[in-house]
Amino acid sequence: MRTRWLVVGAGLSGATLAERIARGLDDPVHVVDRRDHIAGNAFDGTNEHGVMVHHYGAHIFHTGSSTVWRYLSRFTDWREYRHRVLAEVQGAQVPLPFSFDSIDCLFSPTEAELIKHELLGAYPQGTKVPILKLMESDRPRLRSLAELIYRYVFLGYTTKQWGCRPEDLDRAVSGRVPVIVGPRTEYFDDTYQGIPSEGYTAMVARMLDHPNITVSTATSFDQARGTIDFDRLVFTGPLDELLGYRYGALAYRSLSFCHRTRPGSGLQPVAVINFPNDHPYTRTLEHRHLTGQIADVSTITEEHPQDHEPGKTEPYYPVLTAGTRALHKRYLDAVATEMPGAYFAGRLADYRYYDMDQAVLRALLLYREIAGDQGAAQAAAPLASVTE
Ligand code: FAD
Ligand code: UDP
């Protein structure tokens, strides 16, 4: 007797689990998503002006995991793309992550040399130093450099993005964009980087294209559980909502996206420009840099952070603090007791700041666990062979 699976969420986590269960276990899988599209936050497509856009902000695929890269490469080719970001600081556009090149943009040549010399006295060339760590330096020149970077690059951006100061968040959040002791680097340093050549939506559609898989968009879990017969559940949505917010709402930040299309093609020099100090939005994205599309018009998207209001806005970012982690753990313990046999994964259910590759890796690892519970041989196999 085959097990019937319900997978809630058609983002990368849900799509990976559905694909693996359908192919690996040869079980029927019904995937539902309450949005009217697949691919979750990685959803992309052509807008009314014929421009290919990332509807929920820039999505650049980057990973150090050859397993994840090879797995997704079964469903897409890749457009080579290396991400570059500039931040507007004191009227200059300085490269991020903050590096020697950024120092050159903001200081006189003599002062810049002194600062670089001092940095190299304190750290080996190439070191990545989180801003909050650099602020603890016992060298006065490095402390005042750190204070400048903190004030002009991190404070305003983080206050807009998260509604709090960098030091009030898990340090890993600002640590995602460290200060580089050396020349300019790309935004990501992973071995594998790119954009799916036909887009993320096409890639996810191929993952879900299997005779064992049925997909229903515009269908919430609440609707699905009354109408779809299933034996086992995989849930990739938020746990607080699943349990009716009984312990209070988990903190998430939301965004609104403002898209503007203009004639021309080079509206900004790189894909993303950050605005830590001006404007209500944090950053602008010119999509054509990501997609390589050549057109007479170009679309730019502003990202406006906002509070998350359950039921009204999308929960894009978990706000990670000791308190919110403890609340999430309470929800996890409750679902483990009250929904035995259900599986939970993804940026929302795990309440983790996953990049796409981490979401896929987590799903592949969970699949191995699921295969073990189902008595399938893949449970003991190395991860790389689980993805075949
Ligand atoms: P999601 O993509 O959020 O998918 C979950 C799905 O579940 C959603 O579609 C939702 O509608 C559905 N769902 C939830 N609850 C229910 C329910 N009750 N019933 C039915 N459906 C439900 N990562 C990178 O690697 N590179 C980047 O450049 C990058 N840029 C990003 C930019 C922004 C603005 C954001 C917000 C994220 C970015 N990410 C990036 C992260 C990336 O979006 C996530 O890692 C990835 O989307 C996680 O996939 P997921 O399936 O876990 O979650
Ligand atoms: N950050 C900042 N200023 C910047 C870029 C990043 O303060 O110009 C901080 C901010 O807190 C942000 C975090 O670093 O949320 C992580 O940045 P990243 O670019 O990784 O954000 P994401 O693309 O995940 O939204």
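Shown above is the structure to which this text applies.
Note that the structure is predicted; figures quoted are calculated from it, not measured.

Our focus in this paragraph is the pairing of strand β13 (residues 232-235). Alignment of strand β1 (residues 5-8) against β13, held across 4 bridges, turns out to be parallel. Bridge pairing in β13 links V8 to F235. Note that β13 and strand β19 (residues 343-344) share 2 bridges and pair parallel. The residue bridging V234 from the neighbouring strand is Y343, located in β19.

Across the interface, helix α1 (residues 12-25) lies against helix α14 (residues 356-373) with an axial gap of 8 Å and an inter-helix angle of 35°. When the axes of α1 and α14 are compared, the crossing they make is right-handed. Residue-level inspection shows L12, S13, T16, L17, R20, I21, G24 and L25 of α1 in contact with α14, the latter providing M356, A359, V360, A363, L364, L366, Y367, I370 and A371. Residue composition of the contact of α1 with α14, grouped by class: 13 nonpolar, 3 polar and 1 charged.

Taken together, 30 residues are adjacent to ligand 1, and S13, D33, H59, I60 and M356 come closest. In this structure, a nitrogen atom belonging to ligand 1 sits 2.8 Å away from a main-chain N or O atom of I60. Within the backbone of F221, an N or O atom sits 3.0 Å from a nitrogen atom of ligand 1. Relative to its unbound accessible area of 1,000 Å², ligand 1 is 96% covered by the protein chains. Among the elements that line the shell around ligand 1, the one with the most residues is helix α13 (residues 346-349), at 3 residues. Tallied by class, residues from the shell around ligand 1 come to 14 nonpolar, 11 polar and 5 charged.

Near ligand 2 lie 16 residues; those nearest to it are W162, R176, Y187, Y317 and Y353. In this structure, R283 approaches ligand 2 through a side-chain N or O atom, which is 2.9 Å from an oxygen atom. Contact between ligand 2 and Y353: an oxygen atom at 2.6 Å from a side-chain N or O atom of the residue. Coverage of ligand 2 by the protein chains reaches 93% of its 520 Å² of free accessible surface. For the shell around ligand 2, the secondary-structure elements that each account for two or more residues are α6 (140-162) and α7 (171-175). Sorting elements by how many residues they give to the shell around ligand 2 places α6 first, with 6 residues. A per-class count over the shell around ligand 2 returns 10 nonpolar, 4 polar and 2 charged.

Tallied over the entire structure, the rule returns 19 aromatic pairs. Consider the rings of Y247 and Y331, whose centres lie 5.0 Å apart with planes at 55°: the pair is tilted. A residue pair is termed long-range when its members are at least 10 positions apart, and Y247 in the loop between α10 (239-242) and β14 (252-263) and Y331 in helix α12 (residues 322-338) qualify at 84 residues. Aromatic rings pair up to connect F43, Y56, F257 and Y316 into one cluster.

Read across the open sheet, the 7 strands follow the order β8-β7-β15-β16-β17-β14-β18; overall the sheet is mixed. Each having just a single partner strand, β8 (92-96) and β18 (317-318) make up the two edges of the open sheet. The strands touched by α6 are β7 (85-89), β8, β14, β15 (272-274), β16 (283-286), β17 (297-307) and β18; relative to β14, the strand with the most contacts, the crossing angle is about 105°.

This part is about the pattern of salt bridges. Using the criterion set out here, one finds 28 salt bridges in the structure. Between E136 and K133 there is a salt bridge, with its nearest N and O atoms 3.7 Å apart. Taking the shortest distance from any N to any O, the salt bridge between R260 and E302 comes out at 3.3 Å. Of this pair, R260 sits in strand β14 while E302 sits in strand β17; the two residues are 42 residues apart in sequence, bridging distant segments of the chain. R260 sits in the partly exposed class, given a relative accessible area of 26%. Connected via shared salt-bridge partners are E19, R20, R23 and R74.

Thresholds applied
Residues numbered from 1 in each chain as written. Chains lettered and ligands numbered in written order. Predicted model: local features only at pLDDT ≥ 70, side-chain atom pairs only at ≥ 80, totals over all residues. Heavy atoms only, no water. Pairing = 2+ DSSP bridges. Helix = DSSP H or I, 4+ residues; strand = E, 2+ residues; numbered from the N terminus. Axes fitted to C-alpha atoms, helices over the stretch in contact; angles between N-to-C directions. Left-handed = near helix turned anticlockwise from the far one by under 90°. Contact = heavy atoms within 4.5 Å. Nonpolar A, V, L, I, M, F, W, Y, C, P; charged D, E, K, R; others polar. Near = heavy atom within 4 Å. Polar contact = N/O pair within 3.5 Å; in protein donor to acceptor, adjacent residues only side chain to side chain. Areas by Shrake-Rupley, 256 points an atom, 1.4 Å probe, with all protein chains shown as cover. Phe/Tyr/Trp six-rings, centres within 6.5 Å; stacked < 30°, edge-to-face > 60°. Salt bridge = Lys/Arg side-chain N within 4 Å of Asp/Glu carboxyl O. Buried < 20%, exposed > 50% of the residue type's maximum accessible area, 1.4 Å probe, protein only.

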